[in-house]
Amino acid sequence: MRATAVAMSEMPGPKVYNLWWGDKHGAQKQRGVITYTVSPFRQNPVDHMFRSYLFNGYRRLSAQVPYFIVPVVIGYSVYSWAKGREEWQNSKAGHLAGAHH
């Protein structure tokens, strides 16, 4: 006897509790599943948004200060050193001291 196409496919059989992609045919009544919801009148997603951000955002940003201040200080000090050196090299004293250009 040859198996049918449904039995050869990966569709679940009758003993499987989960249905196949939302198929409601032959659905069993689920027991023991508890669902909690909040009334739409009680939900307020932007309640205290700005006040909470002032405290929580300040706390989170202040925790990251060492990670972005140190590279900024190093980068600015390298930039200011290079800018001063470039101005000195293009000055009369820099030309006389370097004897090039």
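## Structural notes on the confidence of the model for the protein
Mean pLDDT over the protein stands at 77; residues scoring 70 or higher make up 67%. The element-level mean pLDDT for the protein is lowest in helix α1 (residues 5-8), coming to 52, with helix α3 (residues 65-89) highest at 95.

## Comments concerning the packing of helix α2 (residues 49-63) against α3
Contact geometry of α2 with α3 gives a least axis separation of 5 Å together with a crossing angle of 50°. The angle between the axes of α2 and α3 places the two elements in the oblique class. For the pair formed by α2 and α3, the contact residues are L61, S62 and A63 on the first element and V65, P66, Y67 and F68 on the second.

## Points about α2
One turn of an α-helix holds 3.6 residues; hence residues three or four places apart share an orientation. The end-to-end C-alpha distance of α2 is 20 Å, a good match for the 21 Å that 15 residues give at a rise of 1.5 Å each. Approximately 25° is the largest bend angle found in α2, and it occurs at F55. Burial within α2 is sparse, with just one of its 15 residues counted as buried.

## Focus on the packing of aromatic side chains
Counting across every chain of the model gives one aromatic pair. A centroid spacing of 6.4 Å and a plane angle of 40° characterise the contact between Y76 and Y79, whose relative ring orientation is tilted. Remark: Y79 and Y76 occur in helix α3; sequence separation between them is three residues, near one turn of the helix. The exposure class of Y79 is exposed, given its relative accessible area of 51%.

Reading the values: the criteria
Residues numbered from 1 in each chain as written. Predicted model: local features only at pLDDT ≥ 70, side-chain atom pairs only at ≥ 80, totals over all residues. Heavy atoms only, no water. pLDDT = per-residue confidence, 0-100. Helix = DSSP H or I, 4+ residues; strand = E, 2+ residues; numbered from the N terminus. Axes fitted to C-alpha atoms, helices over the stretch in contact; angles between N-to-C directions. Parallel < 35°, antiparallel > 145°, perpendicular 65-115°, else oblique. Contact = heavy atoms within 4.5 Å. Expected span 1.5 Å × (residues − 1). Bend = angle between axes of the 7 residues up to and from the residue. Buried < 20%, exposed > 50% of the residue type's maximum accessible area, 1.4 Å probe, protein only. Phe/Tyr/Trp six-rings, centres within 6.5 Å; stacked < 30°, edge-to-face > 60°.

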